[in-house]
Amino acid sequence: MKILLIILTALSSFLTSLETKTLESDFTLSIAADASQPINHTGSIIMHGKSFRLSVFDMQAAYDGKTLYIYQEDTDELTLSTPTEQDLLETNPFLYAKALSAVCNVTERRMNDNKMIITLTPKDQTVGIQRFTLTIDENNLPVRLEIKEGKKTTSLILRNTKYLTSGSESDISYQLTQQDFPTAYVNDIR
């Protein structure tokens, strides 16, 4: 029982940090199927609770707690929508980890470098994934995230990760507006 308490404490401590602090990170998103060469994309994320601002591919996304904003550079289109919970889980892997924690067996392993590897394995395989692995460092910052779904593995390697101080959070907007993209076509489907 003591081990279970430690496991839940490590995962819930990390998830609490995401609710109470603002996380900022650069990342490399890697998608691979079987032994094929992975496809890599770089990006950045800032998030606090469910709100986030994300940049990857030729896309920027933001969620302010009510509206999901997605800007596609190739079409110069800004879409505003009221997302479903599934839309948010597909856009933000940290929200996905939180949702999975309720329906998974959780295991933990501390590495020699003091990083914690938390593995979530669905109790019911109809969830669609075999495994979700999250690595956090000794400062409770995410270092790596990996999702195994069938023959596909999606990895998120985080760099320059930090929790922002309260003064530096005030300039962050979790919205994308016409002022950000003056020539964009606005597709408001809320």
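See the structure above.
About the criteria used
Residues numbered from 1 in each chain as written. Predicted model: local features only at pLDDT ≥ 70, side-chain atom pairs only at ≥ 80, totals over all residues. Heavy atoms only, no water. Helix = DSSP H or I, 4+ residues; strand = E, 2+ residues; numbered from the N terminus. Buried < 20%, exposed > 50% of the residue type's maximum accessible area, 1.4 Å probe, protein only. Pairing = 2+ DSSP bridges. Axes fitted to C-alpha atoms, helices over the stretch in contact; angles between N-to-C directions. Polar contact = N/O pair within 3.5 Å; in protein donor to acceptor, adjacent residues only side chain to side chain. Contact = heavy atoms within 4.5 Å. Salt bridge = Lys/Arg side-chain N within 4 Å of Asp/Glu carboxyl O.

J.: Got a sec to walk through the environment of Glu108? Specific residues and values, please.
T.: Tracing the sequence through the fold places Glu108 in strand β7 (residues 104–110). A residue is classified by how much of its surface remains accessible, and Glu108, at 26% relative accessible area, is partly exposed.

J.: Please set out the sheet that holds strand β6 (residues 77–81) residue by residue, giving values where relevant.
T.: As summarised here, the arrangement of the 12 strands in space is β7-β8-β9-β10-β11-β1-β2-β3-β4-β5-β6-β12, forming an open sheet in which the pairing is mixed. The outermost strands of the open sheet, each flanked by one partner alone, are β7 and β12 (185–188). Sheet twist, expressed as the average angle between the axes of neighbouring strands with direction ignored, equals 15°. The pairing of strand β1 (residues 23–33) with strand β11 (residues 152–163) spans 10 bridges and is antiparallel. For Ile31, the partnering residue across the bridge sits in β11 and is Thr154.

J.: Now, about unusual backbone geometry: what can you tell me, with residues and values included?
T.: Positioned with a positive phi, Phe57 is a non-glycine residue whose angle comes to about 55°. Here Phe57 shows up in the loop between β3 (51–56) and β4 (59–63). With phi around 55°, Asn160 is a residue other than glycine that occupies positive phi space. Among the structural elements, Asn160 can be located in strand β11. On the accessibility criterion, Asn160 (56% relative accessible area) is exposed.

J.: Let's hear about the side chain of Thr161: which residues, and what values?
T.: The residue Thr161 is located in strand β11 in this model. We classify Thr161 as buried; its relative accessible area is 17%. Within polar-contact distance, the side chain of Thr161 engages the side chain of Ser25 at 2.8 Å. Not counting residues within four places of it along the chain, the set of residues in contact with Thr161 comprises Leu23, Glu24, Ser25, Leu141 and Pro142.

J.: Quick rundown of the pattern of salt bridges? Include the residues and the values.
T.: Applying the stated rule across the entire model yields eight salt bridges. Two residues, Lys98 and Glu19, come together in a salt bridge whose shortest N-O distance is 2.9 Å. Remark: Glu19 occurs in helix α1 (residues 2–20) and Lys98 occurs in helix α3 (residues 93–100); sequence separation between them is 79 residues. Look at Glu19 and you get partly exposed, because its relative accessible area is 35%. Where Glu146 meets Arg144, a salt bridge forms, and the shortest distance between an N and an O atom there is 3.0 Å. A network of salt bridges, in which partner residues are shared, links Arg131, Arg144 and Glu146.

J.: Which residues make up the side chain of Asn92, and what values go with them?
T.: Its location among the elements puts Asn92 in the loop between α2 (85–91) and α3. Excluding its chain neighbours within four sequence positions, the residues that come into contact with Asn92 are Ile45, Met47 and Phe52.

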